[in-house]
Amino acid sequence: MTFIQKKSSIPNSEVIYVNPIVEFCISNLANGSHKTLEILEKDPNLDVLEYGCLSYCTACADGLYALVNGDIVKADTPEELTERIYQYIEDNPLF
């Protein structure tokens, strides 16, 4: 989890927590990434969303994928996709 502290002239200013965002295409969920979605939805430190289409049809046709903070993460299996998403988040902190 990443946090942002609002700049304020008031002492003890408010801290806002920002979770990584993981987005799934419904077509790719039907191809097998739903197992990854189910696992990630249980993680309170992630915001997991699903859309009708993310407009990455080539990536969708090639295998399993998700957008993590706007970047494509691909894998061949749901287990591998889950691992790669967590690794991407660890390697690419929001701030």
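Located above this text is the structure these notes cover.
Q: Got a minute to help me understand the nonpolar core in this structure?
A: Note that soluble globular proteins tend to have their nonpolar side chains buried in a common cluster. Residues Val-22, Phe-24, Leu-40, Val-68, Leu-81 and Ile-85 are the most contacted members of the largest nonpolar core, which totals 16 residues. Mapped by element, the contributors of at least two residues to this core are β3 (21-25), α1 (26-41), β5 (64-68), β6 (71-75) and α3 (78-91). In terms of residue count, α3 provides more of this core than any other element does, four residues in total. Leaving out residues up to four positions away in the same chain, Val-68 has contacts with Ile-21, Val-22, Val-73, Ile-85, Tyr-88 and Ile-89. Of all hydrophobic cores here, the second largest spans six residues; its members include Cys-25, Ala-59, Cys-60 and Tyr-65.

Q: Explain α3 here, please?
A: At 3.6 residues per turn, the α-helix brings residues three or four places apart onto the same side. For α3, built from 14 residues, the straight-helix expectation of 20 Å at 1.5 Å per residue is met to within 8% by its first-to-last C-alpha distance of 20 Å. Among the residues of α3, those classed as buried are Pro-78, Leu-81, Thr-82, Ile-85, Tyr-88 and Ile-89. Summarising the axial view, the buried residues of α3 lie within an arc of 130 degrees, below the 170-degree limit, and thus occupy one face. Opposite the packed face of α3, turned more than 90 degrees from it, sit the exposed residues Glu-79, Glu-83 and Glu-90. Where the residues of α3 are buried, they touch β3, α1, β5 and β6.

Q: Sorry if this is basic, but what is going on with a nonpolar patch on the surface here?
A: On the surface, a nonpolar cluster with roughly 230 Å² of combined accessible area is contributed by Ile-21, Leu-49 and Tyr-51. Mapped onto the elements of the fold, Tyr-51 is located in strand β4 (residues 47-51).

Q: Would you explain the environment of Glu-80 in this entry?
A: The topology assignment puts Glu-80 in helix α3. Judged by relative accessible area, which is 23%, Glu-80 ranks as partly exposed. Along the primary structure Glu-80 and Leu-64 are separated by 16 residues, whereas in three dimensions their C-alpha atoms are 9.3 Å apart.

Q: What should I look at first to understand the environment of Gly-63 in this one?
A: Positionally, Gly-63 belongs in the loop between α2 (57-62) and β5. Once the C-alpha coordinates of Gly-63 and Ala-75 are considered, the two residues, twelve residues apart in sequence, prove to be 6.6 Å apart. Setting aside residues no more than four positions away along its own chain, Gly-63 makes contact with Asn-28 and Ala-75.

Q: When you look at the sheet that holds β4 in this model, what are you seeing that I'm missing?
A: Paired through backbone hydrogen bonds, the strands of a sheet run either parallel or antiparallel to each other. Taken in spatial order, the four strands line up as β4-β3-β5-β6 in an open sheet, and their pairing is mixed. Both edges of this open sheet fall to β4 and β6, since each of them pairs with a single strand only. Sheet twist, expressed as the average angle between the axes of neighbouring strands with direction ignored, equals 30 degrees. Contacts from α3 reach β3, β5 and β6 within the one sheet, and its direction differs from that of β6 by about 145 degrees.

Q: Where do I start with the packing of α1 against α3 in this structure?
A: Helix-helix packing: each pair is described by the crossing angle between the helix axes and the interaxial distance. In contact at an axis separation of 8 Å, α1 and α3 are set at 45 degrees when each is read in the N-to-C sense. The angle between the axes of α1 and α3 places the two elements in the oblique class. Of the two elements, α1 crosses α3, and the hand of that crossing is right-handed. Within the contact between the two elements, α1 uses Gly-32, Ser-33, Lys-35, Thr-36, Ile-39 and Leu-40 and α3 uses Pro-78, Leu-81, Thr-82, Ile-85 and Tyr-86. Tallied by class, residues from the contact of α1 with α3 come to six nonpolar, four polar and one charged.

What counts, and where the lines are drawn
- Residues numbered from 1 in each chain as written.
- Predicted model: local features only at pLDDT ≥ 70, side-chain atom pairs only at ≥ 80, totals over all residues.
- Heavy atoms only, no water.
- Core = buried A, V, L, I, M, F, W, Y, C linked by side-chain atoms within 4.5 Å.
- Buried < 20%, exposed > 50% of the residue type's maximum accessible area, 1.4 Å probe, protein only.
- Helix = DSSP H or I, 4+ residues; strand = E, 2+ residues; numbered from the N terminus.
- Contact = heavy atoms within 4.5 Å.
- Expected span 1.5 Å × (residues − 1).
- Arc of directions from axis to C-beta.
- Patch = residues over 30% accessible without salt bridge, like charges linked within 9 Å, V, L, I, M, F, W, Y side chains within 5 Å.
- Areas by Shrake-Rupley, 256 points an atom, 1.4 Å probe, with all protein chains shown as cover.
- Salt bridge = Lys/Arg side-chain N within 4 Å of Asp/Glu carboxyl O.
- Pairing = 2+ DSSP bridges.
- Axes fitted to C-alpha atoms, helices over the stretch in contact; angles between N-to-C directions.
- Parallel < 35°, antiparallel > 145°, perpendicular 65-115°, else oblique.
- Left-handed = near helix turned anticlockwise from the far one by under 90°.
- Nonpolar A, V, L, I, M, F, W, Y, C, P; charged D, E, K, R; others polar.

So, to be careful, I would describe these as geometric facts and stop short of saying anything about function.
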